[in-house]
Each structure stands twice: as C-alpha cells, then as structure tokens.
Amino acid sequence: MRGRKSDAPDASGGSDASDASASASTSAVGRQSEGGDDAVATIVGELAKAGDASGAPQRSRRLLSKLAGILRRGVVGGGRAARLSVRHLADEVLAMAPRLPVRDQAALRRQYPGLSDDELADALIDAATRASGAVGAAVGVWAVLPIAPLFAVEVAAETVAVVGIEIKLIAELHEVYGLRPPGSGVDRMVRYTAVWTDRRGVTLAPGSVAVAIGPALRARLSRRLTLRAGRSTLSLAPLLSGAAAGAWANRRETRRLGRKIRTQLRRLADEGR
C-alpha cells in the first residue's frame, strides 16, 4: 500500500476574523454533527449509492424531492422569483459534511478487493460520476412536471446533493492513498470541504481546524456554491433537454474534480513512501 497509514451570495467576513469567532464556528459544526438532524447527509449518501442502482433516475427523483422539502426553509419569496440564500446553503453544506457516510480504507478494500490504489481511485471516481449524473438527470425531469418545486429549491437540492457526493468522493480518495488527515471525524470532513472549495489537496500537518472553518472558508465556500448553483440551471432547461444537459454537466465536473484530487494524492503518496 502506498502512502502513510492511517442569486449573489450574501456571505461576508474576511480572513482577519478573530480566533474566538472561528472557535465558535468549530463548536457549531461539532454540535450539528453529533446526534442532530442528519436527514440531509443520509439522503445524499443514498443518492451516492443510487448512481449504481437500476432505476437510478426514478430513485434519485424521490430522494431529491425529500431533500428539496428540507432545503425549502432556506428560500426567500415564492414562485420563480424565489431567491436562494447562499449563506444558508453554505451552512447546510458545513453541517452535512461531518455526517456523510464515508467508507474507510478497510471498508473500501473489502468492497473492491484486488484493486491497486489507482484502480480503486478510478472506480470511486466512476461511481461518483454516475451518481452526480443521475442527480442532474433527475432534476432536469423536474422542470417538466406540473407540480415541480420552487425553482430556487430545485437549484438548492441539486447543488447540495452534488457537493455532498463530491465531498464524500474526496474523503474516500484520501482513504485509498492512506492520507487521512489528523484530527477527529468532524475535523477531517471540514478539511475535505475546504479541499472541495479550493480544489487543492488537503494539508496533512496538524493545525487549528478552527481557522479552516472560520469566516474566510465560509466566504470562499459561498462563492464556490454560487458558481455551482449557476451550473445547476442547465438541469432546469425546458423539456427533457434539461435532463440530458444536467447529467452531462454533472458527470464532467465530478470526473474532472476526482481526477485532479487523485493526481495530487498520488503524488503525495509517492513522496511519502
């Protein structure tokens, strides 16, 4: 085994925020991740598995409908004029991440026996790509249903679902290469969220996670989510073209992210041998 064991956003705040504020953010994420409502993470975990199942678009639509119901509280206004609060969306992602069902290295090896690190990484990227594509196709079909949810809720549901699938992928790729960061499960998942936000491999050296989840991360995450939500509108095009466009766009972006992180982790693992 290679490696070591082991709408515009309304977000505000700069990197000069106090340590006290950052520590408060740490505590909030920890409280949300321990025994609270984990429905969002559970649904996203099921969506990640739905990509490999038969009837994935239908199952994904059912799961996304549940997710949309949860996220509706973050939408201001009604109808097609409804506005999505990106700050609320960022909070949802930060609360969801520590509860995502991530498989550790041992579990992945049991599920994918006999594969090399790179082969296993490719298998995980392919599975996540299919899952995000199924989400895009499912949301695209919503656009033609007579009882479609609010436009902003549709965008929120797809955004949170795909972001969760991709954060889960990032976490499991770190497991594949034996590069799990130090700290608690909550600490690691916040770091993986930062990896998703910045598109860079996680820093493995011990450090204050409070800094990582302070206002600076929230601002960067909000900007990234704004871009991601903009791409989600492809899935809401008229007629069934939205399903095809949404599936294609999601598959492309998830595959691109997975391969970039895999390349970075493979280099880190080689350097650590």
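Side note on the pattern of salt bridges
1) Next: This structure, assessed with the given rule, holds eleven salt bridges.
2) Next: The salt bridge involving K168 is made with E172; its shortest N-O contact spans 2.9 Å. Of this pair, K168 and E172 both sit in helix 7 (residues 151-176), four residues apart, which is roughly one turn of that helix.
3) Next: Given the relative accessible area of 2%, E172 is considered buried.
4) Next: Here R220 and D198 are joined by a salt bridge, their closest N and O atoms 2.9 Å apart. One end of the pair, R220, is in helix 10 (residues 215-232); the other, D198, is in helix 8 (residues 185-198), and 22 residues separate them in sequence.
5) Next: Exposure remark for R220: the relative accessible area of 29% places this residue in the partly exposed category.
6) Next: Classification of D198 by relative accessible area gives buried; the value is 19%.
7) Next: Connected through salt bridges with shared partners, the residues R103, K168 and E172 form a single ionic network.

Considering the nonpolar core
1) Next: In terms of nonpolar packing, the biggest core is built from 62 residues, with L64, L67 and L225 touching the most fellow members.
2) Next: Of all the elements in the fold, those that place two or more residues in this core are helix 2 (39-50), helix 3 (56-71), helix 4 (86-96), helix 6 (117-142), helix 7, helix 8, helix 10 and helix 11 (241-272).
3) Next: For this core, the element with the most residues is helix 7, which contributes 14 residues.

Considering helix 2
1) Next: In this model, helix 2 (twelve residues) spans 16 Å end to end at C-alpha, consistent with the 16 Å of a helix rising 1.5 Å per residue.
2) Next: Of all the residues in helix 2, the buried ones are V40, A41, I43, V44, G45, L47, A48 and A50.

Procedures and definitions
- Residues numbered from 1 in each chain as written.
- Predicted model: local features only at pLDDT ≥ 70, side-chain atom pairs only at ≥ 80, totals over all residues.
- Heavy atoms only, no water.
- Salt bridge = Lys/Arg side-chain N within 4 Å of Asp/Glu carboxyl O.
- Helix = DSSP H or I, 4+ residues; strand = E, 2+ residues; numbered from the N terminus.
- Buried < 20%, exposed > 50% of the residue type's maximum accessible area, 1.4 Å probe, protein only.
- Core = buried A, V, L, I, M, F, W, Y, C linked by side-chain atoms within 4.5 Å.
- Expected span 1.5 Å × (residues − 1).

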